[in-house]
Amino acid sequence: MDDFSEYVTARWPTLVRAAVLLGCNPPEAEDLVQTTLERCLVKWSRVRAADDRDAYVHRVLINCFRSSRRRRWHGERPSAVLPEYADVDPTAGIDETDAVMRALDGLPDDQRTAVVLRYYAHLNEQQMASVLGVAAGTVKSRLSRAVKALAQDPHLSELRDPR
């Protein structure tokens, strides 16, 4: 179990951020990651034996996310401000974050998932294909379409042309 604890400690921030980029707010992202890691703990021997632990855990994360979005009721609604975020300046980086989130919201789910796995989780095409259960060529085409759409997205134009 020590290796599970080490894995969680090392990967928690990355997994939470990936969940936020998929479309969760921060408290939902933490809940989603907790659910993901609970499922991984139960099958830790299988996760440990996987060729790529990160790809395996991200696949569980994606499956948990999709399952949570299929339900009509999304569970409890956490408070707006958590104690650990109380001292954080709420305006820091809001414009950039808003622009990126709006651009990601404009992508179809499969393209958004591909962008998050590639550019945030830093999975390679083969790992992404494994996580998503599709061919590597499909991953390439999804990424290509997503990058093209993001390059033309008006929400990101202000970040490219600071005046």
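Details of the structure are given in the entry above.
Residues numbered from 1 in each chain as written. Predicted model: local features only at pLDDT ≥ 70, side-chain atom pairs only at ≥ 80, totals over all residues. Heavy atoms only, no water.

**Some details on the overall build of the protein**
Broken down by element type, the protein carries nine helices and zero strands. Secondary structure of the protein in N-to-C order comes out as α-α-α-α-α-α-α-α-α. Here the protein holds 163 residues, and the buried ones make up 37% of them. Counting only carbon and sulfur atoms, one obtains 50% of the accessible surface of the protein, whose full area is about 10,300 Å². (Helix = DSSP H or I, 4+ residues; strand = E, 2+ residues; numbered from the N terminus. Buried < 20%, exposed > 50% of the residue type's maximum accessible area, 1.4 Å probe, protein only. Areas by Shrake-Rupley, 256 points an atom, 1.4 Å probe, with all protein chains shown as cover.)

**Re the packing of helix α6 (residues 109-120) against helix α8 (residues 136-151)**
Following both chains from N to C, one finds α6 and α8 inclined at 95 degrees, their axes separated by 9 Å at the closest point. Considering the angle they form, α6 stands roughly perpendicular to α8. Listed contacts from α8 to D110, Q111, A114, V115, R118 and Y119 of α6 are R142, L143, R145, A146, V147 and L150. By residue class, the composition of the contact of α6 with α8 is seven nonpolar, one polar and four charged. (Axes fitted to C-alpha atoms, helices over the stretch in contact; angles between N-to-C directions. Parallel < 35°, antiparallel > 145°, perpendicular 65-115°, else oblique. Contact = heavy atoms within 4.5 Å. Nonpolar A, V, L, I, M, F, W, Y, C, P; charged D, E, K, R; others polar.)

**Digging into the packing of aromatic side chains**
Under the definition given, this model contains two aromatic pairs. When the ring of F4 is compared with that of W44, the centres are 5.0 Å apart and the planes differ by 80 degrees; the resulting orientation is edge-to-face. A residue pair is termed long-range when its members are at least 10 positions apart, and F4 in helix α1 (residues 2-22) and W44 in helix α3 (residues 44-49) qualify at 40 residues. A relative accessible area of 11% means that F4 is categorised as buried. (Phe/Tyr/Trp six-rings, centres within 6.5 Å; stacked < 30°, edge-to-face > 60°.)

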